[in-house]
Amino acid sequence: MAAENEEHRESLLKKVYYENCPGCKVEEEKALQRGVPVRKLVAIWGIVLSAALPISSLFPFLYFMIRDFHIAKRDEDIGFYAGYVGSSYMLGRVLTSVFWGIVADRYGRKPVIIIGTISVVVFNTLFGLSVNFWMAIITRFLLGSLNGLLGPIKAYASEVFREEHQALGMSTVSTAWGIGLIIGPALGGFFAQPAEKYPTIFSADSVFGRFPYFLPCLCISLFALGVTVACFWLPETLHNHNENARLHDDSFEALETASCGSDANEIEQKTEEQIPKQNLVKNWPLMSSIIVYCVFSLHDMAYTEIFSLWTESPRKLGGLSYSTEDVGEVLAISGFGLFVFQITLYPYVEKMLGPVRIARIGGVLSIPLLSSYPFIALLSGFSLSVLLNIASLLKNVMSITIVTGLFILQNRAVDQHQRGAANGIAMTAMSLFKAVGPAGGGAVFSWAQKRLDASILPGIQMVFFILNLVELIAVLMTFKPFLTVRDDRTG
């Protein structure tokens, strides 16, 4: 009798697979999969990295690029124009995130991913060849508009892995994104102005001499080209059969827990009834985690913009007079330290403290750290280098722990079949705040440099005070009743 019941249950499970449906093929592969799917993890890592690198690779050389465009009348105005170039990418993403989410749900994750990597190849290359301010703005805007793969790749990571490996897939997305936002500036710092830095290799009359910011963009575009080619072998996870059947993980759970004597139609009806009809906007655990995530993202993007502008601006304006190579070195050291932290300590810290507490602690510790930056600027030589590297590393570690913890909360707040839509909402809101971050940060930075003789918070002190104010607001929002956590399920 037990053998008959088991055979009946297996026959029911087989009925959820459909021929010529790519999503069903992935589900069948997942059922047979054993061990960690390393190839899929590497593929997701490469895709996310190719999308993350262009976002902040420009920050180490943006100050000098704006200067070379001769659009700013004086040094204090450079930050103002730099902020708009930094924001144009995110503005494009705000306007198209929902559209690419709809396309991914209708036509598949794979086409959106491939279009996104191709956009990096084309428009990131053109950005490196920009000859004026408006060309830089337009190419960055188009790059953001067409690179809509971050939302779909998050959904893809949750769909292509078995349940026990979904957390690993999600952490791969956030880790690759965080590392990309560090490696990108390092590439921009080391490879910008190559004819000046490496005259024996790059001639002043070469393309890299005439376009001093083309080399870092070209390196990223070539990497994205390789990723684009590899993406053609990615399996599609979207189900495209016409039958009104539910093929998400919830369907398997319903089939496995149903009595073996039940009729298949009854099981399907029961499964449909179990799927919540909840409006995501009314899902406060989701919306509150997205809002907190957005405020922290606003702070992080403003900080990224300000850090590079601050280190490269002249000493007389409160900066450090660093070169692009100096900034690249600082960010490369931060990136390596962040990578080591993510693969060694972070899983234990998150398990011990939980995502909410780790976000609070990271936010609180960031405030005194940023308050020390104006005093670090008073140093010079070896002591300046050591303290700046330590401060940059600590700040980036805190930022990535906060972002990863809030990303975990967002995915816990919804069921699997709503996760794609939830990621689309999160991407749109986050992109809006990240678009405001560089523009606002650049404007505040320019304003602060014009008030060096103020009696209250003169010069650069005002910049870091405002950053800390935003961080404090975000920390306060992690407490109840604002932030509500749904922890009754993790899948």
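Residues numbered from 1 in each chain as written. Predicted model: local features only at pLDDT ≥ 70, side-chain atom pairs only at ≥ 80, totals over all residues. Heavy atoms only, no water.

## Points about the overall build of the protein
Inference 1: Helices and strands together make up the secondary structure of the protein, namely 22 helices and zero strands.
Inference 2: The 491 residues of the protein split such that 55% are buried.
Inference 3: Restricting the contact set of the protein to residue pairs at least 6 apart, pairs at least 24 apart contribute 81%.
Inference 4: Summed over all atoms, the accessible surface of the protein reaches about 21,500 Å², with 64% contributed by carbon and sulfur. (Helix = DSSP H or I, 4+ residues; strand = E, 2+ residues; numbered from the N terminus. Buried < 20%, exposed > 50% of the residue type's maximum accessible area, 1.4 Å probe, protein only. Contact = heavy atoms within 4.5 Å. Areas by Shrake-Rupley, 256 points an atom, 1.4 Å probe, with all protein chains shown as cover.)

## Points about empty space enclosed by the protein
Empty pockets left among the atoms are what a rolling probe the size of a water molecule brings to light.
Inference 1: For the coordinates displayed, the defined rule picks out four cavities of 30 Å³ or more.
Inference 2: Computed from the structure, the largest cavity encloses a volume of approximately 390 Å³.
Inference 3: Leu-181, Asp-300, Thr-304, Asn-396 and Ser-399 are the residues nearest the centre of the largest cavity, which is lined by 23 residues in total.
Inference 4: Among the elements of the structure, helix H9 (163-191), helix H15 (284-312), helix H16 (324-344) and helix H20 (381-412) are those that each provide at least two residues to the lining of the largest cavity. (1 Å grid on protein atoms, 1.4 Å probe; cavity = no way out; pocket = protein on both sides within 12 Å on 5 of 7 lines; lining within 4 Å. Points joined across faces, edges and corners; volume = space filled by probe spheres on them.)

## Regarding the nonpolar core
Inference 1: Counting residues in hydrophobic clusters, the biggest one holds 106 residues, and the most contacted among them are Ile-44, Ile-153, Trp-310 and Tyr-373.
Inference 2: With 15 residues, the top contributor of residues to this core is H15.
Inference 3: Ignoring any residue separated from it by four or fewer positions in sequence, one finds Trp-310 in contact with Gly-318, Gly-319, Leu-320, Tyr-373, Ala-377, Leu-388, Phe-445, Ile-460 and Phe-464.
Inference 4: Of all hydrophobic cores here, the second largest spans eight residues; its members include Ile-179, Tyr-346, Val-397 and Ile-400. (Core = buried A, V, L, I, M, F, W, Y, C linked by side-chain atoms within 4.5 Å.)

## Some thoughts on the pattern of salt bridges
Inference 1: Applying the stated rule across the entire model yields four salt bridges.
Inference 2: For Arg-74, the salt bridge goes to Asp-77, with nearest N and O atoms at 3.6 Å.
Inference 3: The class for Arg-74 is partly exposed, based on a relative accessible area of 45%.
Inference 4: Across the salt bridge formed by Asp-77 and Lys-450, the nearest N and O atoms sit 3.0 Å from each other. Residue Asp-77 is found in the loop between helix H4 (59-69) and helix H5 (78-107), and its partner Lys-450 is found in the loop between helix H21 (419-449) and helix H22 (460-476); the two are separated by 373 residues along the sequence. (Salt bridge = Lys/Arg side-chain N within 4 Å of Asp/Glu carboxyl O.)

## With respect to the packing of aromatic side chains
Inference 1: Under the defined criterion, the tally for this structure stands at 17 aromatic pairs.
Inference 2: Centre to centre, the rings of Phe-80 and Tyr-81 are 5.4 Å apart; their planes meet at 85°, and the pair counts as edge-to-face.
Inference 3: A relative accessible area of 33% places Phe-80 in the partly exposed class.
Inference 4: Under the relative-accessibility criterion, Tyr-81 is labelled partly exposed at 23%.
Inference 5: Centre to centre, the rings of Tyr-303 and Tyr-373 are 6.1 Å apart; their planes meet at 65°, and the pair counts as edge-to-face. Note that Tyr-303 is positioned in helix H15 and Tyr-373 in helix H19 (residues 373-376), a separation of 70 residues in sequence. (Phe/Tyr/Trp six-rings, centres within 6.5 Å; stacked < 30°, edge-to-face > 60°.)

## Observations concerning unusual backbone geometry
Inference 1: With an omega of 5°, the peptide bond running from Lys-480 to Pro-481 counts as cis.
Inference 2: One can find Pro-481 in the segment after H22.
Inference 3: Positioned with a positive phi, Gln-193 is a non-glycine residue whose angle comes to about 50°.
Inference 4: The exposure class assigned to Gln-193 is buried, which follows from its relative accessible area of 9%.
Inference 5: Positive phi, close to 55°, is recorded for Ser-321, a residue that is not glycine.
Inference 6: Mapping Ser-321 onto the fold places it in the loop between H15 and H16.

## With respect to the environment of Phe-339
Inference 1: Examined against the element boundaries, Phe-339 turns out to sit in helix H16.
Inference 2: C-alpha of Phe-339 to C-alpha of Thr-175: the two residues are 164 residues apart in sequence and 8.0 Å apart in space.
Inference 3: In this structure Phe-339 touches Trp-45 and Ile-179, once residues within four positions along its chain are discounted.

## Quick look at helix H18 (residues 355-371)
Inference 1: Helix length check: H18 (17 residues) gives 25 Å between terminal C-alpha atoms against 24 Å at 1.5 Å per residue, within 8%.
Inference 2: Turning to H18, its buried residues number three or more, namely Pro-355, Val-356, Ile-358, Ala-359, Gly-362, Gly-363, Ser-366, Leu-369 and Leu-370. Viewed end-on, H18 has its buried residues packed into an arc of 160°, placing them on one side of the element.
Inference 3: Next to the buried residues of H18 lie H15, helix H17 (346-353), H19, H20 and H22. (Expected span 1.5 Å × (residues − 1). Arc of directions from axis to C-beta.)

## Some details on the confidence of the model for the protein
Inference 1: Overall, the prediction assigns the protein a mean pLDDT of 82, with 84% of residues at 70 or greater.
Inference 2: The model gives residues 243-276 a pLDDT under 50, and that stretch makes 55 contacts with residues more than four places away or in other chains. (pLDDT = per-residue confidence, 0-100.)

## Re the packing of helix H3 (residues 38-56) against helix H6 (residues 109-128)
Inference 1: In contact at an axis separation of 10 Å, H3 and H6 are set at 35° when each is read in the N-to-C sense. Read as a crossing pair, H3 and H6 show a hand that is left-handed. Each of Ile-47, Ser-50 and Pro-54 in H3 lies in contact with H6, whose residues at this interface are Ile-113, Thr-117, Val-120 and Asn-124. (Axes fitted to C-alpha atoms, helices over the stretch in contact; angles between N-to-C directions. Left-handed = near helix turned anticlockwise from the far one by under 90°.)

## Regarding the environment of Gly-79
Inference 1: Among the structural elements, Gly-79 can be located in helix H5.
Inference 2: Remark: the alpha-carbon pair of Gly-79 and Trp-447, spanning 368 residues in sequence, is separated by 8.9 Å.

## Focus on the side chain of Asn-468
Inference 1: Tracing the chain through its elements places Asn-468 in helix H22.
Inference 2: Ignoring sequence-local partners within four residues, the contact set of Asn-468 consists of Ser-366, Ile-367, Leu-370 and Ser-371.

## With respect to a nonpolar patch on the surface
Inference 1: The grouping of Leu-222, Leu-225, Val-229, Phe-232 and Trp-233 at the surface amounts to a nonpolar patch, some 570 Å² of accessible area in total.
Inference 2: Under the relative-accessibility criterion, Trp-233 is labelled exposed at 69%. (Patch = residues over 30% accessible without salt bridge, like charges linked within 9 Å, V, L, I, M, F, W, Y side chains within 5 Å.)

## A look at the state of the cysteines
By definition, a disulfide is the covalent link that joins the sulfur atoms of two cysteine residues.
Inference 1: Using the criterion set out here, one finds zero disulfides in the structure.
Inference 2: Residue Cys-219 stays outside any disulfide, its sulfur separated by 9.2 Å from that of Cys-217, the closest cysteine. (Disulfide = S-S within 2.5 Å.)

## Structural notes on the environment of Gly-128
Inference 1: Inspection of the secondary structure puts Gly-128 in helix H6.
Inference 2: For Gly-128, a relative accessible area of 3% puts it in the buried group.
Inference 3: The spacing of Gly-128 and Leu-58 is 70 residues in sequence and 9.2 Å in space, taken between C-alpha atoms.
Inference 4: Those residues within four positions of Gly-128 in sequence are excluded, and the remaining contacts are Phe-211, Tyr-213, Phe-214 and Cys-217.

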